[in-house]
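Per-entry structural report
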Amino acid sequence: MSRMSLIIFLVFGALVGWIASIVVKNNSRQGLFGDILLGILGSIAGGYIMQNFGQPGVTGFNLYSVFVAVLGAIVLVVLGRMILTMIA
């Protein structure tokens, strides 16, 4: 992976994680690193979810990919909250 690809990957992850954290009202509890991690994992999860519906996953740095990744990140946050609620 080239240096520019890595930078774009991290920026995309940060953007997606930030949007998802605002949607689920989790923005005040995580920092930049948390947003990047949430965005990257959300991209993976969103791609997997969309492929199960016969649609493409993340296809690049475009609006559709942002939607897919935010969807995946929101699902991860909701599942994480459910698991933490069951444990506590």
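Structure's up top.
Residues numbered from 1 in each chain as written. Predicted model: local features only at pLDDT ≥ 70, side-chain atom pairs only at ≥ 80, totals over all residues. Heavy atoms only, no water.

With that out of the way, let us pick up the overall build of the protein. The helix and strand inventory of the protein stands at 3 helices and 0 strands. Moving toward the C terminus, one meets the helices and strands of the protein in the order α-α-α. The C-alpha atoms of the protein give 13 Å as radius of gyration, which agrees with the globular expectation for 88 residues (12 Å, within 12%). Taken over the C-alpha atoms alone, the protein extends approximately 40 × 30 × 20 Å along its principal axes. Taking all 88 residues of the protein together, the buried fraction comes to 33%. Carbon and sulfur atoms form 75% of the exposed surface of the protein, whose accessible area is close to 5800 Å². (Helix = DSSP H or I, 4+ residues; strand = E, 2+ residues; numbered from the N terminus. Rg over C-alpha atoms; globule rule 2.2 N^0.38 Å. Buried < 20%, exposed > 50% of the residue type's maximum accessible area, 1.4 Å probe, protein only. Areas by Shrake-Rupley, 256 points an atom, 1.4 Å probe, with all protein chains shown as cover.)

Attention now goes to helix α3 (residues 63–87). Between its first and last C-alpha atoms α3 spans 36 Å; for 25 residues at 1.5 Å apiece the expected length is 36 Å, and the two agree. The set of residues buried in α3 consists of Ser65, Val66, Val68, Ala69, Val70, Gly72, Ala73 and Val77. Looking at the buried residues of α3, the elements they touch are α1 (3–23) and α2 (32–52). One side-chain oxygen at the N-terminal end of α3 lies 3.3 Å from the backbone nitrogen of tyrosine 64; it belongs to asparagine 62. (Expected span 1.5 Å × (residues − 1). Contact = heavy atoms within 4.5 Å. Polar contact = N/O pair within 3.5 Å; in protein donor to acceptor, adjacent residues only side chain to side chain.)

As a further point, take the layout of surface pockets. If you add up the space inside the largest pocket, you get close to 150 Å³. In terms of lining, the largest pocket is formed by Ile8, Phe9, Phe12, Gly13, Gly39, Ile40, Ser43, Ile44, Val58, Gly60 and Phe61. Taken together, the elements giving at least two residues each to the lining of the largest pocket come down to α1 and α2. For the lining of the largest pocket, the per-class residue count stands at 7 nonpolar, 4 polar and no charged. (1 Å grid on protein atoms, 1.4 Å probe; cavity = no way out; pocket = protein on both sides within 12 Å on 5 of 7 lines; lining within 4 Å. Points joined across faces, edges and corners; volume = space filled by probe spheres on them. Nonpolar A, V, L, I, M, F, W, Y, C, P; charged D, E, K, R; others polar.)

Phe12, Val16, Ala20, Val24, Leu38, Val66, Ala69, Val70, Ala73 and Val77 form the largest nonpolar core, which has 10 residues in total. Among the secondary structure elements, those contributing two or more residues to this core are α1 and α3. Element by element, the count of residues in this core is highest for α3, at 5 residues. Leave out the neighbours within four places in its chain, and leucine 38 touches Gly17, Ala20, Ser21, Gln30, Ala73 and Val77. (Core = buried A, V, L, I, M, F, W, Y, C linked by side-chain atoms within 4.5 Å.)

Counted by the stated rule, this structure contains 1 aromatic pair. Plain terms: the ring middles of phenylalanine 12 and phenylalanine 61 are 5.5 Å apart, the flat faces sit at 65° to each other, and that makes the pair edge-to-face. One end of the pair, phenylalanine 12, is in helix α1; the other, phenylalanine 61, is in the loop between α2 and α3, with 49 residues separating them in the sequence. For phenylalanine 12, a relative accessible area of 6% corresponds to the buried category. (Phe/Tyr/Trp six-rings, centres within 6.5 Å; stacked < 30°, edge-to-face > 60°.)

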